[in-house]
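# Chain and residue survey
Residue-level listing of the chains:
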Amino acid sequence: MNVEHLIDSLLKLYALKRIPRIGWLIAGVPKCSVESVSDHSFFVTLLVYLLSFYLREVDSGKLIKLALIHDLSESIVHDIGGKARELIPRRIRKEAEYMGLRDVIPDDFREMKDEILALWREYEEGSSKEARIIKILDKLEMMIQALCYMKSLSKNENLQEFFSDIDKIINESEHDLIRELAKSIKSKYIELTH
């Protein structure tokens, strides 16, 4: 193992601690309060770990790996949101994310690189039940963060868009526990907006 190459990769990934989640800035959350990409990824992973005790017939190890890597490419391409997300075609954004992820992990860590790239593709394509769960929990974690901002900020109207998928999750989730979590988030949201 080339430790210098590992350190170089870690230094690139540490950028995730400084990269803000752009959607919150666009919504008017003060910059000093906006979570970083790594804050978000940590809480997605924590949510996954806590729920993994109750989700049946899933690979909890794979769930945690998917949660950990789902936004790693943002250390290179950053968090793209707002009008840029609309103007840059999804295919181009995803290609840039894949290239960024390839750049983060050195070639001499072939086994690690292959696994991370395969997991990222699985996540992006939603090709496994674990990937589909992570996609949902990624959104639910964002909604929980929005609830936190709603409780601490006086302007809630800019945060409504972050709950746009809540009914779809409630109606389409394959897991009762995730549906119940989504219903509880919706209830808290309704409580804070009325």
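An account of the accompanying structure is given in this report.

Cut-offs and rules
Residues numbered from 1 in each chain as written. Predicted model: local features only at pLDDT ≥ 70, side-chain atom pairs only at ≥ 80, totals over all residues. Heavy atoms only, no water. Core = buried A, V, L, I, M, F, W, Y, C linked by side-chain atoms within 4.5 Å. Buried < 20%, exposed > 50% of the residue type's maximum accessible area, 1.4 Å probe, protein only. Helix = DSSP H or I, 4+ residues; strand = E, 2+ residues; numbered from the N terminus. Contact = heavy atoms within 4.5 Å. Axes fitted to C-alpha atoms, helices over the stretch in contact; angles between N-to-C directions. Parallel < 35°, antiparallel > 145°, perpendicular 65-115°, else oblique. Left-handed = near helix turned anticlockwise from the far one by under 90°. Nonpolar A, V, L, I, M, F, W, Y, C, P; charged D, E, K, R; others polar. Salt bridge = Lys/Arg side-chain N within 4 Å of Asp/Glu carboxyl O.

Side chains of a nonpolar character, in soluble globular proteins, are inclined to be buried together. Trp24, Leu137, Leu140, Met143, Leu159, Phe162 and Phe163 are the most contacted members of the largest nonpolar core, which has 51 residues in total. Here this core gets eleven residues from one element, more than from any other, and that element is helix α9 (residues 129–152). In this structure, Met143 is in contact with Phe162, Phe163, Asp165, Ile166, Ile169 and Ile185, ignoring residues within four places of it in sequence.

Each pair of packed helices can be described by the angle between their axes along with the distance between the axes. At a closest axis distance of 9 Å, the pairing of helix α3 (residues 37–52) and α9 adopts a crossing angle of 120 degrees. Classified by the angle their axes make, α3 and α9 are oblique. Between α3 and α9 the crossing geometry is right-handed. On α9, the residues that touch His40, Phe43, Val44, Leu47, Val48 and Leu51 of α3 are Ile134, Leu137, Asp138 and Glu141. The class makeup of the residues in the contact of α3 with α9 is seven nonpolar, one polar and two charged.

Pairing of side chains with opposite charge becomes possible as their charged atoms draw close. Counted by the stated rule, this structure contains 15 salt bridges. A salt bridge links Glu86 to Lys83; the nearest nitrogen and oxygen atoms lie 3.3 Å apart. Taken as a pair, Glu86 and Lys83 lie in helix α6 (residues 82–87) at a separation of three residues, close to a single helical turn. Looking at Glu86, the relative accessible area reads 59%, which means it is exposed. Arg90 is the partner of Glu124 in a salt bridge, and the nearest nitrogen-oxygen pair spans 3.5 Å. Of this pair, Glu124 sits in helix α8 (residues 110–125) while Arg90 is found in helix α7 (residues 90–104), placing the two residues 34 residues apart along the sequence.

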